[in-house]
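The chain contents come next:
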Amino acid sequence: MAIQVSGTQVIGNSRELTNIASVDATTAASITAAGVGGSSFLNEWTPTILPQDSAWAVFAETSGAIIFLGGTATSVAVSTNGVTYTQPSTFSGIPAYKDSAYNPSNNLLVVVGNNGYYFGEHNMVYTSDNGSSWGRLAVTNSGNSRFASIDYSGSLWVAGGQSGRYGTSTNGTSWTDRGTQGSTDLGCIRYLNGLWFMSNGDTLYTSSSGTGSWTARMSSIITLKAIAYYNNMYVAAGSGGYYTSTNGTSWSALKTLPGDAGFEDVVYNSSVGLWLGAYRTNGSAYFGPAILTTTDPTDVYSWKWNQYYNGEAATQYATRLAFTDYGSYPSRMINVSRGPRFTPL
């Protein structure tokens, strides 16, 4: 017999095997990969050396820098070595940054914000010199809408936000108003595996072009905050749980975790072979901020709870996940949870 198990127990919000009598090496490796026991490399998160800010919200990487943007007009930190950070004195941007997209062919990083500036009044900023200098972008728009999400496909930029209004660009700096898709705010825009995704309130849309012809794929759903893809698996997550799909058009029923308060972000990293969810906890002092990991998101019980404390208040929560392979500091996982955190992989 490969393994003998007499029971399970709940640890935090996850399920663990108990009373394991025997296990061979192959089965042990499978158990570790599934998130029961195994490596604790995600459990310890330490602060990066960054200027203090109460709401770091966007992490980006260009060809020559790592950039954090936060919730005030001076909240930008740029690093060229992955260790020390500076704040460009020439930067004059907008508060409440929400999302960013990057074109590596010309080193153009475009960041969208949502602070009361209208769509047509510079609610995007950009840099093409690794964060040393910044400019503002204006988009002609009669809808007075603000952007909250943006992505780049390799040939097309799509950004959108308030009241369902969105715009497109072929170069990242000259934008065209495309009107509205639905009437509520756009929460997440992503280009994945040849398909554009756009969430609007309780509806998820897809488009092959990104400029129009959007098709509703799910309705009466949770508010989606993130969509990710890897190897014929899509995961769309948000407040209350997540959905999975093998083609991006037909989706599973809602999957919820015990005591789920919702995902703020979800990503996949092939270097460690894990799906990771930035998890908003229920405010309990027992849990605190958390990152969830799994190798199989179709199994709701496979998520492993990776708590980190470091003096964090229980009301704080994980928000943004990303990876960097920059310079001499490869494969560091970055998390922004009211203050940057990282761990070497």
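See the structure printed just above.
The rules we used
Residues numbered from 1 in each chain as written. Predicted model: local features only at pLDDT ≥ 70, side-chain atom pairs only at ≥ 80, totals over all residues. Heavy atoms only, no water. Helix = DSSP H or I, 4+ residues; strand = E, 2+ residues; numbered from the N terminus. Buried < 20%, exposed > 50% of the residue type's maximum accessible area, 1.4 Å probe, protein only. Contact = heavy atoms within 4.5 Å. Areas by Shrake-Rupley, 256 points an atom, 1.4 Å probe, with all protein chains shown as cover. Pairing = 2+ DSSP bridges. Axes fitted to C-alpha atoms, helices over the stretch in contact; angles between N-to-C directions. Polar contact = N/O pair within 3.5 Å; in protein donor to acceptor, adjacent residues only side chain to side chain. Salt bridge = Lys/Arg side-chain N within 4 Å of Asp/Glu carboxyl O. Core = buried A, V, L, I, M, F, W, Y, C linked by side-chain atoms within 4.5 Å. Phe/Tyr/Trp six-rings, centres within 6.5 Å; stacked < 30°, edge-to-face > 60°.

This paragraph deals with the overall build of the protein. In terms of helices and strands, the protein carries one helix and 28 strands. The buried share of the protein, reckoned over its 345 residues, is 51%. Contacts in the protein between residues at least 24 apart in sequence constitute 41% of all its contacts with a sequence separation of at least 6. For the protein, the accessible surface area stands at approximately 14,200 Å², while carbon and sulfur atoms represent 46% of it.

A word on the side chain of S79. Within the secondary structure, S79 sits in strand 6 (residues 76-79). Judged by relative accessible area, which is 0%, S79 ranks as buried. Ignoring anything within four residues of it in the chain, the contact list for S79 reads G64, A65, I66, T84 and Y85.

Right, let's talk about the sheet that holds strand 17 (residues 203-207) for a bit. The antiparallel open sheet is built from four strands, whose spatial order is 15-16-17-18. The sheet terminates laterally at strand 15 (186-192) and strand 18 (215-218), the two strands that pair on one side only. Going from strand to strand, the sheet's axes swing by 25° on average, the running direction of each strand aside. For strand 17 and strand 18, the ladder comprises three bridges, and the chain directions are antiparallel. Considered in strand 18, the bridge of L204 is made with M218.

This part takes up the environment of P104. Here P104 lies in the loop between strand 7 (97-103) and strand 8 (108-113). Separated by 50 residues in the primary sequence, P104 and G154 have C-alpha atoms spaced 9.0 Å apart.

In this fold, T206 is placed in strand 17. By relative accessible area, which is 2% here, T206 ends up buried. Within the structure, the side chain of T206 is placed 2.8 Å from the side chain of R217, a separation counted as a polar contact.

Time to look at the pattern of salt bridges. For the structure on display, the rule yields three salt bridges. One salt bridge connects D177 with R165, and the closest N-O pair in it is separated by 2.9 Å. With D177 in strand 14 (residues 176-180) and R165 in strand 13 (residues 165-169), this pair connects stretches of sequence that are 12 residues apart. The exposure class assigned to D177 is partly exposed, which follows from its relative accessible area of 26%. A salt bridge links K225 to E264, with the nearest nitrogen and oxygen atoms 3.0 Å apart. Residue K225 is found in strand 19 (residues 224-230), and its partner E264 is found in strand 22 (residues 263-269); the two are separated by 39 residues along the sequence. Classification of K225 by relative accessible area gives partly exposed; the value is 33%.

Sheet architecture is open: four strands sit in the order 11-12-13-14, paired in antiparallel fashion. In this open sheet, the two strands that pair with only one neighbour each are strand 11 (147-152) and strand 14. With direction set aside, neighbouring strand axes in the sheet form an average angle of 20°. Summarising the sheet, strand 11 and strand 12 (residues 157-161) pair through five bridges and their orientation is antiparallel. Opposite S149, over in strand 12, you have G160 as the bridge partner.

We now examine the nonpolar core. Of all hydrophobic cores here, the largest spans 15 residues; its most connected members are Y242, L257, F263, V266, W275, L292 and W303. For this core, the secondary structure elements donating two or more residues are strand 19, strand 20 (233-238), strand 22, strand 23 (274-279) and strand 24 (290-294). Ranked by residue count, the leading element in this core is strand 20, at three residues. Those residues within four positions of F263 in sequence are excluded, and the remaining contacts are K225, A237, G238, S239, G241, Y242, L257, G277, A278, Y279, L292 and W303. Formed by 14 residues, the second largest nonpolar core is a distinct cluster that contains C188, L192, F197 and W251.

On to the packing of aromatic side chains, then. Under the counting rule described, the total for this entry stands at 15 aromatic pairs. Where F263 meets W303, the ring centres are 5.5 Å apart and the plane angle is 55°; that geometry is what we call tilted. Highlighted residues: F263 in strand 22 and W303 in the loop between strand 24 and strand 25 (304-307), separated in sequence by 40 residues. Here F263 and W303 have matching classes, each one buried. What links up through ring pairs into an aromatic cluster is the set F197, Y229, Y234 and W251.

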